[in-house]
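Chains, contacts and geometry: an overview
Take a look at the letters that make up each chain.
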Amino acid sequence: MPAPPSPLALCPAPSVEPVSALPLYQQIAQTLAQLIHSGAFKVGQRLPSVRATALTQGVSISTAMQAYRQLEEQGLVQARPKAGYFVRRAQRIAQPGLSAPPQRSFLLERQSRSEAFAMLHQPGDRATFGGFTPQSSELFDEDRLRVAIGRASRVHRHSLTEYNKADAGRPALRQAVAQRALQLGCALDASDIVITASCTQAVSLCLRAVTQPGDVVALESPTFFGYLDLIESLGLRVLEIPTHPATGLSLPALELALDTQPVKAVLAAPTLSNPLGSVMPLAAKQRLVRLLAQRRVPLIEDVVFNDLLSGDERRKAAKAWDTEGNVMVCGSFAKTLTPGIRLGWVEAGRWRDAVATHKRLQGAATNVVLEEALADLLTQGSYEAHLRRLTASMRQRRHEARHLIAHHFPPGTRVSNPPSGDTLWLELHPAIASMDLFKRCASEGITFGPGELFTATDRYRNCLRLNFSGPWNAVTMQALARIGEIARQMLERPAASPTPPALRRA
């Protein structure tokens, strides 16, 4: 008697012109997810191979692989080396909803968030989930880094006794950045690229080039606290735009803001935003570029995390659709290659000369040896393989963290589910103040990022950001579970607890 057909074989392959606007890999992932949820595939059961799925669905192997990776991101399947993909037990935990910041701009008037954030880390902490740079050496190849720096030091030893005369950066690094930008869908001219001390400095130079004190800058909500510090230091006003943890910046809300507010620039990370980890669909990125170009409002795009979607078409930057020089794209490799070399870069479109001038006036020359070493590392063929290993490690950490949160945090806790990266955004019961939770956890040597630091308003008091770029071991996982236990206790036995003066608003 012949074996029954695979459940997947009973599903029609996507048509050549699918009715759905979803990419083919998402359609396949959706089909497989439905089969898993319906019980057609049981927990622990092996799914059809990637090759078999590609053949059955009439797509390429790379498209089928993307579908399986998306199922991994959703926590529905687990890859086992040399064995294939297996169904894993689903985690019943909801994601946060669309944010709802006030529809007006604010002039920031409080203590630097970067300084407040630095206070979250104390020597001897049991576990730190508040980091914003990778802290675990196991994620990076230290030996390869030492070899590259040693080689650059020998070849360019005379540079250590003289200024870097290349104001825009070393040609080798600018060319390497232009080559890497092809992976983001961007054809950049190396001569238009300016090397900076970090991605944060690149964003700062862009803001200086397109704004004046008192101007309004629109950005995601919640947003990276470093952006808020920059805007505050430049005397700018911030306008927070509703953002969904899955699909990113709300374009209808942004369009309304542009119609009603004197927005001079939009600062955003359309791919793996911080702290939500949201990724705007490709069509939305294209619409974003078109919307801002029509109004001559510059987009300052942060692509520092895009490479963490290696092999995924969602890696593509909004800059890829820029035909008018209206997108100022900023990046670095501190989150993907080596945190120790914080060099950044910017291609500022029609503001290229203004950005280069601001860098020169600030005397922000970069180091020749580090530039040459970074260029060396970027042009080695092993970088993409390193990215695959890095993203796989982060994916495993995220899954384990979400599992712990689902079992140890209070009922009703909502957690983001980003496709990559090393952060999760949690929305707790409204009765739990994350700053109070932080104080109780800090007394046990456990820290994280309270939600208040990621906004210019009084919102996100019951939210927090967890970062998993530090050591990941049994002690760390126990500490994460302990945060949930303390949150449960706070919900069961609420008690007033004042905000510490060091973190209180001005």
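Bear in mind the structure is a predicted one, so any value in this text is a computation, not a measurement.

**Here's the deal with the pairing of strand β16 (residues 463–467)**
- With five of five residues buried, β16 is to be regarded as a mostly interior element.
- Burial along β16 is two-sided: the residues C463, R465 and N467 and L464 and L466 are all buried.
- Bridge count for strand β14 (residues 423–427) against β16 is five bridges, and the pairing is antiparallel. Paired with L426 across the bridge in β16 is L464.
- Summarising the sheet, strand β15 (residues 446–450) and β16 pair through two bridges and their orientation is antiparallel. Considered in β16, the bridge of G449 is made with R465.

**Points about the sheet that holds β15**
- One open sheet holds the five strands; their spatial order is β4-β15-β16-β14-β13, and the pairing between them is mixed. Each of the sheet's edge strands pairs with one partner strand only, and the pair in question is β4 (127–129) and β13 (414–415).
- Examined bridge by bridge, β13 and β14 share two bridges and lie antiparallel to one another. Bridging across to β14, R414 finds its partner in E427.
- Against the sheet, helix α13 (residues 383–408) touches β13, β14 and β16, its axis set at about 20° to β14.
- The strands touched by helix α15 (residues 474–492) are β4, β15 and β16; relative to β4, the strand with the most contacts, the crossing angle is about 65°.

**Notes on the layout of surface pockets**
- When its volume is computed, the second largest pocket comes out at roughly 530 Å³.
- In terms of lining, the second largest pocket is formed by 25 residues, of which the most central are R69, E72, R388, A392 and R395.
- Of all elements in the fold, only α3 (61–73), β1 (77–80) and α13 reach the threshold of two or more residues within the lining of the second largest pocket.
- In terms of residue count, the dominant contributor to the lining of the second largest pocket is α13 (nine residues).
- Its residues assigned to classes, the lining of the second largest pocket shows nine nonpolar, seven polar and nine charged.

**Observations regarding the environment of V217**
- With respect to the helices and strands, V217 occurs in strand β6 (residues 216–221).
- Through-space distance from the C-alpha of V217 to that of V266 is 5.7 Å; in sequence the pair is 49 residues apart.

**So, the side chain of R465**
- Within the secondary structure, R465 sits in strand β16.
- Buried charge without a salt bridge: R465, with D422 as the nearest opposite-charge side chain at an N-O distance of 6.8 Å.
- Here N274 takes part through its side chain, which lies 2.9 Å from a polar atom of the side chain of R465.

**Some words on helix α12 (residues 368–378)**
- Of all 11 residues in α12, nine are buried, a share of seventy percent or more.
- In this fold, the buried residues of α12 make contact with α5 (142–155), α6 (171–181), β5 (193–196) and α13.
- N-cap assignment for α12: the residue whose side-chain oxygen lies 3.0 Å from the backbone N of V369 is N367.

**Focus: the packing of aromatic side chains**
- One pass over the structure, following the stated rule, counts 10 aromatic pairs.
- Summarising the aromatic geometry, the rings of F438 and F448 are spaced 5.7 Å apart at their centres and angled 90° between planes, so their arrangement reads as edge-to-face. Of the two residues, F438 is situated in helix α14 (residues 434–442) and F448 in strand β15; the sequence distance between them amounts to 10 residues.
- An aromatic cluster of at least three residues, connected via ring pairs, comprises F224, F225, Y227, W425, F454 and Y460.
- Looking at R80, its charged tip hangs above the ring of F86, at a distance of 4.0 Å from the centre.

**A look at the side chain of T455**
- By the secondary structure assignment, T455 is in the loop between β15 and β16.
- A distance of 2.9 Å separates the side chain of T455 from the side chain of T457, its partner in a polar contact.

**Some remarks on the packing of α5 against α12**
- Put simply, α5 and α12 touch, their axes get as near as 8 Å, and they point 130° apart. Our classification of the angle between α5 and α12 gives oblique. Of the two elements, α5 crosses α12, and the hand of that crossing is right-handed. The segment α5 lies against α12, with R144, L145, A148, I149, R151, A152 and S153 engaging V369, L370, E372, A373, D376 and L377.
- In the contact of α5 with α12, the residues fall into eight nonpolar, one polar and four charged.

Rules and cut-offs
Residues numbered from 1 in each chain as written. Predicted model: local features only at pLDDT ≥ 70, side-chain atom pairs only at ≥ 80, totals over all residues. Heavy atoms only, no water. Buried < 20%, exposed > 50% of the residue type's maximum accessible area, 1.4 Å probe, protein only. Helix = DSSP H or I, 4+ residues; strand = E, 2+ residues; numbered from the N terminus. Pairing = 2+ DSSP bridges. Contact = heavy atoms within 4.5 Å. Axes fitted to C-alpha atoms, helices over the stretch in contact; angles between N-to-C directions. 1 Å grid on protein atoms, 1.4 Å probe; cavity = no way out; pocket = protein on both sides within 12 Å on 5 of 7 lines; lining within 4 Å. Points joined across faces, edges and corners; volume = space filled by probe spheres on them. Nonpolar A, V, L, I, M, F, W, Y, C, P; charged D, E, K, R; others polar. Lys, Arg positive; Asp, Glu negative; His and termini not counted. Salt bridge = Lys/Arg side-chain N within 4 Å of Asp/Glu carboxyl O. Polar contact = N/O pair within 3.5 Å; in protein donor to acceptor, adjacent residues only side chain to side chain. Phe/Tyr/Trp six-rings, centres within 6.5 Å; stacked < 30°, edge-to-face > 60°. Lys NZ or Arg CZ within 6 Å of the ring centre and 35° of its normal. Parallel < 35°, antiparallel > 145°, perpendicular 65-115°, else oblique. Left-handed = near helix turned anticlockwise from the far one by under 90°.

Keep in mind these values describe shape, not function.
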